[in-house]
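These are the residues of each chain, in order.
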Amino acid sequence: MAMVTMVESERQVFLARLGVADEETPRPTSFCAHAMLGDSAMVVTDTTRDPRFSENPLVTGELGIRFYAGQPLISAEGAPLGALCVIDTVPRPEGLSDLQRQTLETLGLAVMRRLASQRQSEERSIEQEAAQQRIQQVLDSFPGIAWSADEGLNFDYFNARWMELTGAPAPKTVAEWSASIHPEDFARSAPAFQDSASRGEPFEDEVRLKQANGEWRWSLSRVVPIETPQGERRWVGTLIDIDREHRQREANDLLANELSHRIKNIFAVISGLIAIRSRGRHEVAEFASELSAAVRSLGTAHDYVRPLEGRSSDCLKGLLGDLLAPYHDGSDRVEIAGDDVAIGARAATPLALIFHELATNSAKYGALSNGKGRVQVTIASSTEEGGRIHVIWSETGSPVEADQVQDREGFGSRLLRMAIESQLQGRFERRFTDDGMLVEIDFPAVSITG
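Residues numbered from 1 in each chain as written. Predicted model: local features only at pLDDT ≥ 70, side-chain atom pairs only at ≥ 80, totals over all residues. Heavy atoms only, no water.

A.B. asks: Could you give an account of the sheet that holds strand E16 (residues 436–444), with specific residues and numbers?
C.D. replies: Here five strands make up an open sheet; going across it, the order is E12-E13-E14-E16-E15 and the pairing mixed. The open sheet is flanked by strand E12 (334–338) and strand E15 (427–432), the only strands paired with a single partner. When strand polarity is set aside, the average angle formed by the axes of neighbouring strands in this sheet is 10°. Bridge count for strand E13 (residues 374–382) against strand E14 (residues 388–396) is nine bridges, and the pairing is antiparallel. Bridged to valine 377 within E14 is tryptophan 393. Of the strands in this sheet, E12, E13 and E14 touch helix H9 (residues 316–324), which is tilted by about 175° from E12. (Pairing = 2+ DSSP bridges. Helix = DSSP H or I, 4+ residues; strand = E, 2+ residues; numbered from the N terminus. Axes fitted to C-alpha atoms, helices over the stretch in contact; angles between N-to-C directions. Contact = heavy atoms within 4.5 Å.)

Listed below in C-alpha coordinates is the structure:
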(Lines give C-alpha, C1' and ligand atoms only; values in the text may rest on other atoms or scores of the structure.)
Protein backbone atom coordinates (compact mmCIF):
# COMPACT_ATOMS: atom_id res chain seq x y z
CA MET A 1 0.00 0.00 0.00
CA ALA A 2 1.08 3.60 -0.60
CA MET A 3 -0.38 6.94 0.42
CA VAL A 4 0.21 10.67 0.41
CA THR A 5 -1.28 11.99 3.64
CA MET A 6 -2.09 15.37 5.14
CA VAL A 7 -2.31 15.25 8.94
CA GLU A 8 -4.87 17.59 10.49
CA SER A 9 -5.76 18.22 14.13
CA GLU A 10 -8.30 15.39 14.34
CA ARG A 11 -7.62 13.20 11.32
CA GLN A 12 -5.27 12.36 8.51
CA VAL A 13 -6.54 12.65 4.96
CA PHE A 14 -5.28 10.57 2.03
CA LEU A 15 -4.60 12.90 -0.90
CA ALA A 16 -3.54 9.91 -2.97
CA ARG A 17 -3.72 6.22 -2.12
CA LEU A 18 -3.02 2.78 -3.58
CA GLY A 19 -4.30 -0.47 -2.08
CA VAL A 20 -6.45 1.29 0.54
CA ALA A 21 -10.18 1.87 0.33
CA ASP A 22 -10.52 4.41 3.14
CA GLU A 23 -10.02 8.12 2.41
CA GLU A 24 -9.03 9.09 5.96
CA THR A 25 -8.25 7.77 9.44
CA PRO A 26 -8.30 9.34 12.93
CA ARG A 27 -5.12 11.19 13.84
CA PRO A 28 -4.47 9.19 17.05
CA THR A 29 -3.89 6.05 14.97
CA SER A 30 -1.80 7.84 12.31
CA PHE A 31 1.73 6.57 11.62
CA CYS A 32 2.34 9.64 9.48
CA ALA A 33 1.73 11.96 12.45
CA HIS A 34 4.97 10.53 13.84
CA ALA A 35 6.84 10.36 10.51
CA MET A 36 6.22 13.99 9.62
CA LEU A 37 8.05 15.20 12.72
CA GLY A 38 11.39 13.74 11.62
CA ASP A 39 14.10 15.02 9.30
CA SER A 40 14.29 11.84 7.22
CA ALA A 41 12.25 8.77 6.43
CA MET A 42 10.80 6.89 9.43
CA VAL A 43 11.03 3.14 8.92
CA VAL A 44 9.24 0.58 11.14
CA THR A 45 10.36 -2.92 10.07
CA ASP A 46 7.90 -4.78 12.34
CA THR A 47 5.07 -2.83 13.90
CA THR A 48 4.27 -5.56 16.42
CA ARG A 49 7.69 -5.07 17.99
CA ASP A 50 7.52 -1.26 18.15
CA PRO A 51 5.89 -0.06 21.42
CA ARG A 52 4.55 3.04 19.67
CA PHE A 53 2.40 1.03 17.30
CA SER A 54 2.03 -2.53 18.61
CA GLU A 55 -1.42 -1.77 20.09
CA ASN A 56 -2.51 0.48 17.19
CA PRO A 57 -5.88 -0.60 15.71
CA LEU A 58 -4.31 -0.36 12.25
CA VAL A 59 -1.88 -3.06 13.38
CA THR A 60 -4.19 -5.24 15.46
CA GLY A 61 -7.26 -4.74 13.27
CA GLU A 62 -8.35 -5.85 9.81
CA LEU A 63 -5.76 -3.78 7.94
CA GLY A 64 -2.94 -5.57 9.77
CA ILE A 65 -0.05 -3.20 9.11
CA ARG A 66 3.32 -4.88 9.76
CA PHE A 67 5.75 -2.63 7.86
CA TYR A 68 5.76 1.18 7.47
CA ALA A 69 8.15 3.64 5.80
CA GLY A 70 7.20 7.31 5.67
CA GLN A 71 9.00 10.31 4.18
CA PRO A 72 8.04 13.55 5.98
CA LEU A 73 6.40 16.25 3.85
CA ILE A 74 7.62 19.65 5.04
CA SER A 75 6.39 22.95 3.64
CA ALA A 76 8.74 25.68 2.40
CA GLU A 77 7.98 27.52 5.63
CA GLY A 78 9.17 24.48 7.66
CA ALA A 79 5.73 23.27 8.76
CA PRO A 80 5.18 19.45 8.87
CA LEU A 81 2.18 18.59 6.71
CA GLY A 82 2.06 14.82 6.46
CA ALA A 83 4.00 12.02 4.83
CA LEU A 84 4.52 9.93 1.72
CA CYS A 85 4.37 6.35 3.00
CA VAL A 86 4.58 2.78 1.80
CA ILE A 87 2.98 -0.01 3.91
CA ASP A 88 2.99 -3.78 3.87
CA THR A 89 1.12 -6.48 5.80
CA VAL A 90 4.27 -8.53 6.41
CA PRO A 91 7.36 -7.45 8.34
CA ARG A 92 10.49 -6.41 6.37
CA PRO A 93 13.42 -6.92 8.72
CA GLU A 94 15.84 -5.63 6.10
CA GLY A 95 14.09 -2.23 6.06
CA LEU A 96 14.91 0.00 3.07
CA SER A 97 18.02 -0.08 0.95
CA ASP A 98 19.95 3.13 0.30
CA LEU A 99 18.44 3.30 -3.18
CA GLN A 100 14.92 2.84 -1.79
CA ARG A 101 15.49 5.56 0.83
CA GLN A 102 16.81 7.90 -1.87
CA THR A 103 13.87 7.06 -4.09
CA LEU A 104 11.39 7.70 -1.27
CA GLU A 105 13.08 11.04 -0.52
CA THR A 106 13.02 12.02 -4.20
CA LEU A 107 9.33 11.12 -4.48
CA GLY A 108 8.65 13.13 -1.33
CA LEU A 109 10.29 16.19 -2.90
CA ALA A 110 8.22 15.63 -6.04
CA VAL A 111 5.06 15.49 -3.93
CA MET A 112 5.98 18.78 -2.24
CA ARG A 113 6.66 20.43 -5.60
CA ARG A 114 3.27 19.28 -6.81
CA LEU A 115 1.58 20.50 -3.62
CA ALA A 116 3.42 23.85 -3.79
CA SER A 117 2.40 24.26 -7.43
CA GLN A 118 -1.20 23.43 -6.60
CA ARG A 119 -1.10 25.84 -3.67
CA GLN A 120 0.29 28.63 -5.85
CA SER A 121 -2.31 27.87 -8.51
CA GLU A 122 -5.10 28.06 -5.94
CA GLU A 123 -3.68 31.29 -4.53
CA ARG A 124 -3.51 32.77 -8.02
CA SER A 125 -7.05 31.62 -8.67
CA ILE A 126 -8.21 33.27 -5.44
CA GLU A 127 -6.32 36.46 -6.31
CA GLN A 128 -7.76 36.47 -9.83
CA GLU A 129 -11.26 35.91 -8.50
CA ALA A 130 -10.79 38.74 -5.99
CA ALA A 131 -9.43 41.00 -8.74
CA GLN A 132 -12.37 40.13 -10.98
CA GLN A 133 -14.76 40.90 -8.14
CA ARG A 134 -13.07 44.26 -7.60
CA ILE A 135 -13.26 45.06 -11.31
CA GLN A 136 -16.91 44.00 -11.35
CA GLN A 137 -17.63 46.23 -8.36
CA VAL A 138 -15.90 49.15 -10.10
CA LEU A 139 -17.82 48.58 -13.33
CA ASP A 140 -21.14 48.18 -11.51
CA SER A 141 -20.54 51.42 -9.59
CA PHE A 142 -19.70 53.25 -12.85
CA PRO A 143 -22.49 55.81 -13.48
CA GLY A 144 -22.82 54.74 -17.11
CA ILE A 145 -23.29 51.51 -19.02
CA ALA A 146 -20.17 49.47 -19.89
CA TRP A 147 -20.15 46.55 -22.31
CA SER A 148 -17.88 44.29 -24.36
CA ALA A 149 -18.36 42.25 -27.53
CA ASP A 150 -16.44 39.99 -29.87
CA GLU A 151 -15.27 41.04 -33.33
CA GLY A 152 -18.69 40.25 -34.81
CA LEU A 153 -20.39 42.49 -32.20
CA ASN A 154 -21.91 39.61 -30.26
CA PHE A 155 -22.24 41.09 -26.79
CA ASP A 156 -20.83 39.04 -23.91
CA TYR A 157 -20.84 41.53 -21.05
CA PHE A 158 -22.91 44.40 -19.66
CA ASN A 159 -22.46 45.93 -16.24
CA ALA A 160 -25.36 46.21 -13.77
CA ARG A 161 -26.23 49.72 -14.99
CA TRP A 162 -27.78 48.34 -18.17
CA MET A 163 -30.57 46.59 -16.29
CA GLU A 164 -30.92 49.47 -13.80
CA LEU A 165 -31.35 52.09 -16.55
CA THR A 166 -33.20 50.22 -19.31
CA GLY A 167 -35.03 47.51 -17.35
CA ALA A 168 -34.40 45.24 -20.34
CA PRO A 169 -32.35 42.03 -20.53
CA ALA A 170 -28.80 42.53 -21.74
CA PRO A 171 -28.77 42.25 -25.54
CA LYS A 172 -26.75 39.54 -27.27
CA THR A 173 -26.77 40.95 -30.81
CA VAL A 174 -26.96 44.30 -32.58
CA ALA A 175 -30.56 43.53 -33.54
CA GLU A 176 -31.49 43.21 -29.86
CA TRP A 177 -29.42 46.32 -29.05
CA SER A 178 -31.38 48.39 -31.60
CA ALA A 179 -34.59 47.91 -29.59
CA SER A 180 -33.15 50.19 -26.86
CA ILE A 181 -31.87 52.94 -29.22
CA HIS A 182 -34.17 55.53 -30.77
CA PRO A 183 -34.92 54.41 -34.36
CA GLU A 184 -33.83 57.73 -35.85
CA ASP A 185 -30.51 57.63 -34.01
CA PHE A 186 -29.89 53.97 -34.80
CA ALA A 187 -30.56 54.52 -38.51
CA ARG A 188 -28.05 57.38 -38.50
CA SER A 189 -25.44 55.96 -36.15
CA ALA A 190 -25.25 52.30 -37.20
CA PRO A 191 -23.85 52.91 -40.73
CA ALA A 192 -21.35 55.42 -39.36
CA PHE A 193 -20.17 52.89 -36.79
CA GLN A 194 -19.90 50.12 -39.41
CA ASP A 195 -17.72 52.42 -41.50
CA SER A 196 -15.53 53.21 -38.50
CA ALA A 197 -15.38 49.54 -37.45
CA SER A 198 -14.26 48.46 -40.92
CA ARG A 199 -11.18 50.65 -40.43
CA GLY A 200 -10.65 49.49 -36.84
CA GLU A 201 -11.07 53.02 -35.50
CA PRO A 202 -12.74 54.27 -32.29
CA PHE A 203 -16.27 55.61 -32.68
CA GLU A 204 -18.28 58.23 -30.80
CA ASP A 205 -21.84 59.45 -31.21
CA GLU A 206 -24.81 60.78 -29.27
CA VAL A 207 -27.93 58.59 -29.24
CA ARG A 208 -31.18 58.41 -27.32
CA LEU A 209 -31.42 55.41 -24.98
CA LYS A 210 -34.79 54.03 -23.92
CA GLN A 211 -35.19 54.08 -20.12
CA ALA A 212 -37.05 51.60 -17.95
CA ASN A 213 -39.97 54.06 -17.67
CA GLY A 214 -40.21 54.41 -21.47
CA GLU A 215 -38.49 57.83 -21.57
CA TRP A 216 -35.80 58.54 -24.17
CA ARG A 217 -32.62 60.14 -22.77
CA TRP A 218 -29.55 61.30 -24.68
CA SER A 219 -26.40 59.25 -24.07
CA LEU A 220 -22.82 59.61 -25.26
CA SER A 221 -21.82 56.32 -26.91
CA ARG A 222 -18.11 55.51 -27.19
CA VAL A 223 -16.70 52.34 -28.77
CA VAL A 224 -13.02 51.35 -28.82
CA PRO A 225 -11.36 48.34 -30.53
CA ILE A 226 -8.87 46.28 -28.52
CA GLU A 227 -6.52 43.46 -29.48
CA THR A 228 -6.37 40.29 -27.37
CA PRO A 229 -3.06 38.49 -26.66
CA GLN A 230 -4.23 35.93 -29.24
CA GLY A 231 -4.35 38.65 -31.91
CA GLU A 232 -8.15 38.80 -32.03
CA ARG A 233 -10.11 42.04 -32.15
CA ARG A 234 -12.74 42.83 -29.56
CA TRP A 235 -14.90 45.86 -28.84
CA VAL A 236 -15.52 47.68 -25.56
CA GLY A 237 -17.90 50.55 -25.13
CA THR A 238 -19.70 52.89 -22.76
CA LEU A 239 -22.99 54.76 -22.67
CA ILE A 240 -22.99 57.84 -20.44
CA ASP A 241 -26.13 59.85 -19.76
CA ILE A 242 -25.72 63.40 -21.14
CA ASP A 243 -29.42 64.24 -21.49
CA ARG A 244 -29.22 67.41 -19.38
CA GLU A 245 -26.08 68.63 -21.16
CA HIS A 246 -27.49 67.78 -24.60
CA ARG A 247 -30.74 69.62 -24.01
CA GLN A 248 -28.88 72.57 -22.46
CA ARG A 249 -26.66 72.69 -25.53
CA GLU A 250 -29.71 72.68 -27.78
CA ALA A 251 -31.21 75.52 -25.74
CA ASN A 252 -27.92 77.43 -25.90
CA ASP A 253 -27.71 76.93 -29.66
CA LEU A 254 -31.28 78.16 -30.05
CA LEU A 255 -30.50 81.22 -27.96
CA ALA A 256 -27.21 81.84 -29.79
CA ASN A 257 -28.93 81.62 -33.18
CA GLU A 258 -31.59 84.03 -31.99
CA LEU A 259 -28.93 86.46 -30.74
CA SER A 260 -27.01 86.03 -33.99
CA HIS A 261 -30.13 86.80 -35.97
CA ARG A 262 -30.71 89.93 -33.91
CA ILE A 263 -27.07 91.03 -34.35
CA LYS A 264 -27.41 90.48 -38.09
CA ASN A 265 -30.49 92.69 -38.03
CA ILE A 266 -28.48 95.35 -36.17
CA PHE A 267 -25.98 95.45 -39.06
CA ALA A 268 -28.90 95.93 -41.46
CA VAL A 269 -30.35 98.68 -39.26
CA ILE A 270 -26.99 100.47 -39.09
CA SER A 271 -26.61 100.29 -42.87
CA GLY A 272 -30.14 101.66 -43.22
CA LEU A 273 -29.43 104.53 -40.81
CA ILE A 274 -26.26 105.43 -42.72
CA ALA A 275 -28.22 105.50 -45.95
CA ILE A 276 -31.01 107.61 -44.43
CA ARG A 277 -28.70 110.10 -42.72
CA SER A 278 -26.49 110.57 -45.79
CA ARG A 279 -29.33 110.95 -48.27
CA GLY A 280 -29.10 114.27 -50.04
CA ARG A 281 -25.79 115.16 -48.36
CA HIS A 282 -23.35 114.84 -51.20
CA GLU A 283 -20.37 115.91 -49.09
CA VAL A 284 -20.56 112.67 -47.03
CA ALA A 285 -21.77 110.33 -49.77
CA GLU A 286 -18.36 108.73 -50.36
CA PHE A 287 -17.73 108.28 -46.65
CA ALA A 288 -21.24 106.86 -46.15
CA SER A 289 -20.70 104.39 -48.98
CA GLU A 290 -17.41 103.21 -47.50
CA LEU A 291 -18.90 102.91 -44.02
CA SER A 292 -21.86 100.89 -45.31
CA ALA A 293 -19.50 98.54 -47.14
CA ALA A 294 -17.46 98.10 -43.95
CA VAL A 295 -20.61 97.29 -41.97
CA ARG A 296 -21.61 94.73 -44.60
CA SER A 297 -18.18 93.11 -44.38
CA LEU A 298 -18.56 92.86 -40.60
CA GLY A 299 -21.93 91.24 -41.20
CA THR A 300 -20.23 88.71 -43.46
CA ALA A 301 -17.59 88.09 -40.79
CA HIS A 302 -20.35 87.57 -38.23
CA ASP A 303 -21.64 84.67 -40.30
CA TYR A 304 -18.31 82.97 -39.60
CA VAL A 305 -18.53 83.67 -35.88
CA ARG A 306 -21.90 81.97 -35.56
CA PRO A 307 -23.39 79.46 -38.06
CA LEU A 308 -26.27 80.87 -40.04
CA GLU A 309 -28.17 79.62 -43.03
CA GLY A 310 -26.53 80.46 -46.31
CA ARG A 311 -22.98 80.64 -45.06
CA SER A 312 -20.69 79.22 -47.74
CA SER A 313 -18.12 77.50 -45.55
CA ASP A 314 -16.04 77.52 -42.37
CA CYS A 315 -12.82 78.22 -44.25
CA LEU A 316 -10.70 81.13 -45.39
CA LYS A 317 -11.52 80.56 -49.07
CA GLY A 318 -15.21 80.75 -48.24
CA LEU A 319 -14.77 84.02 -46.36
CA LEU A 320 -12.73 85.49 -49.23
CA GLY A 321 -15.32 84.34 -51.72
CA ASP A 322 -18.09 86.08 -49.78
CA LEU A 323 -16.10 89.29 -49.30
CA LEU A 324 -14.92 89.52 -52.92
CA ALA A 325 -18.20 88.40 -54.51
CA PRO A 326 -19.26 92.00 -55.38
CA TYR A 327 -16.10 92.39 -57.53
CA HIS A 328 -16.46 89.26 -59.65
CA ASP A 329 -18.93 90.90 -62.10
CA GLY A 330 -19.15 87.63 -64.04
CA SER A 331 -15.49 87.66 -65.11
CA ASP A 332 -12.27 86.09 -63.92
CA ARG A 333 -10.87 89.36 -62.57
CA VAL A 334 -10.76 87.92 -59.04
CA GLU A 335 -9.12 84.54 -58.40
CA ILE A 336 -8.70 82.72 -55.09
CA ALA A 337 -6.18 79.86 -55.19
CA GLY A 338 -4.00 77.64 -53.00
CA ASP A 339 -4.69 75.82 -49.74
CA ASP A 340 -7.85 76.18 -47.73
CA VAL A 341 -7.70 76.79 -43.98
CA ALA A 342 -10.36 76.42 -41.30
CA ILE A 343 -11.36 79.62 -39.50
CA GLY A 344 -11.97 79.91 -35.78
CA ALA A 345 -14.64 82.28 -34.48
CA ARG A 346 -12.18 84.80 -33.04
CA ALA A 347 -10.30 85.22 -36.33
CA ALA A 348 -13.29 85.94 -38.56
CA THR A 349 -13.62 89.65 -37.75
CA PRO A 350 -9.94 90.66 -38.21
CA LEU A 351 -9.74 88.61 -41.41
CA ALA A 352 -12.87 90.30 -42.76
CA LEU A 353 -11.47 93.74 -41.94
CA ILE A 354 -8.13 92.95 -43.61
CA PHE A 355 -9.50 91.71 -46.91
CA HIS A 356 -12.37 94.17 -47.02
CA GLU A 357 -9.83 96.99 -46.71
CA LEU A 358 -7.63 95.51 -49.46
CA ALA A 359 -10.66 95.03 -51.75
CA THR A 360 -11.98 98.54 -51.06
CA ASN A 361 -8.59 100.13 -51.80
CA SER A 362 -8.30 98.06 -54.96
CA ALA A 363 -11.75 99.18 -56.10
CA LYS A 364 -10.87 102.83 -55.40
CA TYR A 365 -7.29 103.08 -56.58
CA GLY A 366 -6.02 99.71 -57.75
CA ALA A 367 -6.66 96.85 -60.12
CA LEU A 368 -10.41 96.70 -59.53
CA SER A 369 -10.90 100.40 -60.27
CA ASN A 370 -10.89 99.81 -64.01
CA GLY A 371 -12.17 97.10 -66.30
CA LYS A 372 -8.79 95.50 -66.98
CA GLY A 373 -7.04 94.85 -63.68
CA ARG A 374 -6.96 91.51 -61.87
CA VAL A 375 -6.62 90.41 -58.26
CA GLN A 376 -5.23 87.02 -57.29
CA VAL A 377 -5.25 85.77 -53.71
CA THR A 378 -3.02 82.78 -53.03
CA ILE A 379 -3.10 80.87 -49.72
CA ALA A 380 -0.31 78.57 -48.58
CA SER A 381 -0.12 76.66 -45.28
CA SER A 382 3.04 75.08 -43.91
CA THR A 383 4.37 73.33 -40.80
CA GLU A 384 7.14 75.90 -40.40
CA GLU A 385 7.44 77.23 -36.83
CA GLY A 386 4.60 75.01 -35.66
CA GLY A 387 2.32 75.83 -38.61
CA ARG A 388 1.98 79.14 -40.50
CA ILE A 389 -0.37 80.65 -43.06
CA HIS A 390 1.04 82.74 -45.90
CA VAL A 391 -1.36 84.81 -48.03
CA ILE A 392 -0.32 86.78 -51.13
CA TRP A 393 -2.64 89.50 -52.46
CA SER A 394 -1.44 90.31 -55.97
CA GLU A 395 -2.88 93.11 -58.12
CA THR A 396 -2.01 93.59 -61.79
CA GLY A 397 -3.29 96.11 -64.32
CA SER A 398 -3.60 98.96 -61.81
CA PRO A 399 -4.10 102.43 -63.33
CA VAL A 400 -2.12 104.15 -60.54
CA GLU A 401 1.63 104.36 -60.89
CA ALA A 402 3.84 103.06 -58.09
CA ASP A 403 5.51 106.38 -57.28
CA GLN A 404 2.10 107.94 -56.63
CA VAL A 405 1.15 105.62 -53.76
CA GLN A 406 4.23 103.85 -52.40
CA ASP A 407 4.92 106.44 -49.70
CA ARG A 408 1.28 106.81 -48.70
CA GLU A 409 0.16 105.14 -45.43
CA GLY A 410 -3.20 106.34 -44.29
CA PHE A 411 -5.86 105.03 -41.95
CA GLY A 412 -6.43 101.89 -44.08
CA SER A 413 -2.79 100.89 -43.88
CA ARG A 414 -2.76 101.40 -40.14
CA LEU A 415 -5.93 99.30 -39.87
CA LEU A 416 -4.27 96.49 -41.83
CA ARG A 417 -1.16 96.62 -39.70
CA MET A 418 -3.18 96.62 -36.48
CA ALA A 419 -5.35 93.65 -37.50
CA ILE A 420 -2.44 91.59 -38.82
CA GLU A 421 0.24 92.34 -36.26
CA SER A 422 -1.80 92.90 -33.09
CA GLN A 423 -4.75 90.57 -33.53
CA LEU A 424 -3.22 87.77 -35.59
CA GLN A 425 0.39 88.12 -34.35
CA GLY A 426 1.53 88.11 -37.98
CA ARG A 427 3.71 90.05 -40.41
CA PHE A 428 2.60 92.39 -43.19
CA GLU A 429 4.57 93.62 -46.20
CA ARG A 430 3.34 95.68 -49.15
CA ARG A 431 5.26 96.43 -52.33
CA PHE A 432 4.17 98.53 -55.31
CA THR A 433 5.16 97.70 -58.85
CA ASP A 434 4.76 99.50 -62.15
CA ASP A 435 1.80 97.24 -62.94
CA GLY A 436 0.14 96.98 -59.53
CA MET A 437 0.75 95.91 -55.94
CA LEU A 438 1.86 92.87 -53.97
CA VAL A 439 0.82 92.33 -50.33
CA GLU A 440 2.27 89.43 -48.33
CA ILE A 441 0.62 88.46 -45.04
CA ASP A 442 2.12 85.78 -42.79
CA PHE A 443 0.75 84.62 -39.42
CA PRO A 444 0.68 81.52 -37.17
CA ALA A 445 -1.98 79.00 -38.14
CA VAL A 446 -3.19 78.83 -34.55
CA SER A 447 -4.13 82.52 -34.65
CA ILE A 448 -7.01 81.81 -37.03
CA THR A 449 -7.78 78.16 -36.33
CA GLY A 450 -7.62 78.21 -32.53
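A.B. asks: Can you explain the packing of aromatic side chains? Please cite residues and give values.
C.D. replies: What characterises a pair of aromatic rings is the spacing of the ring centres plus the angle enclosed by the ring planes. Scanning the model with the defined rule gives 12 aromatic pairs in all. Plain terms: the ring middles of phenylalanine 158 and tryptophan 162 are 4.8 Å apart, the flat faces sit at 55° to each other, and that makes the pair tilted. The exposure class of tryptophan 162 is buried, given its relative accessible area of 1%. Ring geometry for phenylalanine 193 and tryptophan 235: centres 5.6 Å apart, planes at 70°, overall edge-to-face. With a gap of 42 residues between them, phenylalanine 193 in helix H6 (residues 183–198) and tryptophan 235 in strand E11 (residues 233–241) connect regions that are remote in the sequence. Take phenylalanine 193: its relative accessible area is 9%, and that puts it in the buried class. (Phe/Tyr/Trp six-rings, centres within 6.5 Å; stacked < 30°, edge-to-face > 60°. Buried < 20%, exposed > 50% of the residue type's maximum accessible area, 1.4 Å probe, protein only.)

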